[in-house]
Amino acid sequence: MSGENATKKNVYISLHEGFVREGIKYTDRNTGEQRTFNRVTLPKGTVIDGKDVGGYEFSPLYVNPSRFKGENWRDIPLLEDREVWLQKSVLDAEGNPVIGEDGKREKDTVVVSPKQIKDALAESRRRYAEEHGVGLDERAQHAREASESIAREGAAARPLSHEAR
């Protein structure tokens, strides 16, 4: 998209809170000011372009409580047209981080789109559900039963109208 009036579109990624660290504090080297950032770690089995990027991390600007999945989930809005740099420390044969000539940890970096992350997470969840016997039919049946139960409870809790009294 181009032009002054182009609207930025978000891709929303939902992850369990166990994969998201919020408000990590650090001191800005230039200003000495206390700041925070967020860190997301992708779950094992998240495959993008044939590579398992489970364990790779990225730092989104925003992390919000999930609107649909419950209190233990987080929604991460990412700009649709902005690439995401997934990074993971390079480890030696003993599992220790490899330190480069600059004295910093070496990182393996994979550059992807937010849609690739969203699609890979959806595929990973689908595979997990199949492997653990939670098929779509069964999940749909649970959803229908829950919906019917809520409807019954809602009907029982409503006061009677004046005509019915």
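## What about the overall build of the chain?
Okay, so step 1: Looking only at helices and strands, the chain has two helices and 10 strands in total.
Okay, so step 2: Put simply, the chain has 165 residues, and 23% of those count as buried.
Okay, so step 3: Summing over all exposed atoms, the chain offers an accessible surface of approximately 12,500 Å²; the carbon and sulfur share of this is 49%.

## Brief notes about the sheet that holds strand E7 (residues 64-65)
Okay, so step 1: Taken in spatial order, the three strands of this open sheet run E1-E8-E7, and their pairing is antiparallel. Two strands lie at the open edges of the sheet, namely strand E1 (10-16) and E7, each paired on one side alone.
Okay, so step 2: Here E7 runs beside strand E8 (residues 73-79); their pairing, made up of two bridges, is antiparallel. Residue pairing across strands places proline 65 opposite arginine 74, the latter belonging to E8.

## Considering the packing of aromatic side chains
Okay, so step 1: This structure, assessed with the given rule, holds one aromatic pair.
Okay, so step 2: The residue whose ring lies beneath lysine 69 is tryptophan 73, and the NZ or CZ to ring-centre distance is 4.6 Å.

## Some thoughts on the side chain of serine 66
Okay, so step 1: Looking at where serine 66 falls in the secondary structure, it is placed in the loop between E7 and E8.
Okay, so step 2: According to the relative accessible area criterion, serine 66 is buried, its value standing at 14%.
Okay, so step 3: A distance of 3.3 Å separates the side chain of serine 66 from the backbone nitrogen of phenylalanine 68, its partner in a polar contact.
Okay, so step 4: Look past the residues within four positions of serine 66 in its chain and what remains in contact with it is Trp73, Arg74 and Asp75.

## Description of the side chain of threonine 46
Okay, so step 1: Its place among the elements puts threonine 46 in the loop between strand E3 (34-41) and strand E4 (47-48).
Okay, so step 2: Side-chain polar atoms of threonine 46 contact the backbone oxygen of proline 43, separated by 2.6 Å.
Okay, so step 3: Among all residues touching threonine 46, those that are not within four sequence positions of it are Lys51, Asp52, Val53, Gly54, Ala120, Leu121 and Ser124.

## Brief notes about the environment of leucine 15
Okay, so step 1: Along the polypeptide, leucine 15 turns up in strand E1.
Okay, so step 2: You can call leucine 15 buried: its relative accessible area is 1%.
Okay, so step 3: Separated by 51 residues in sequence, leucine 15 and serine 66 have C-alpha atoms that sit 8.7 Å apart.

## Observations concerning the pattern of salt bridges
Okay, so step 1: Under the criterion given, the structure shown has nine salt bridges.
Okay, so step 2: One salt bridge connects glutamate 123 with arginine 126, and the closest N-O pair in it is separated by 2.4 Å. Here arginine 126 and glutamate 123 lie together in helix H1 (residues 114-131), a separation of three residues that amounts to about one turn.
Okay, so step 3: Accessibility expressed as a relative area gives 32% for glutamate 123, which makes it partly exposed.
Okay, so step 4: Accessibility expressed as a relative area gives 33% for arginine 126, which makes it partly exposed.
Okay, so step 5: Measuring nitrogen to oxygen at the nearest pair gives 3.8 Å for the salt bridge that ties glutamate 123 to arginine 127. Highlighted residues: glutamate 123 and arginine 127, both in helix H1, separated by four residues, approximately one helical turn.
Okay, so step 6: Note on arginine 127: relative accessible area 26%, which makes it partly exposed.

What counts, and where the lines are drawn
- Residues numbered from 1 in each chain as written.
- Predicted model: local features only at pLDDT ≥ 70, side-chain atom pairs only at ≥ 80, totals over all residues.
- Heavy atoms only, no water.
- Helix = DSSP H or I, 4+ residues; strand = E, 2+ residues; numbered from the N terminus.
- Buried < 20%, exposed > 50% of the residue type's maximum accessible area, 1.4 Å probe, protein only.
- Areas by Shrake-Rupley, 256 points an atom, 1.4 Å probe, with all protein chains shown as cover.
- Pairing = 2+ DSSP bridges.
- Phe/Tyr/Trp six-rings, centres within 6.5 Å; stacked < 30°, edge-to-face > 60°.
- Lys NZ or Arg CZ within 6 Å of the ring centre and 35° of its normal.
- Polar contact = N/O pair within 3.5 Å; in protein donor to acceptor, adjacent residues only side chain to side chain.
- Contact = heavy atoms within 4.5 Å.
- Salt bridge = Lys/Arg side-chain N within 4 Å of Asp/Glu carboxyl O.

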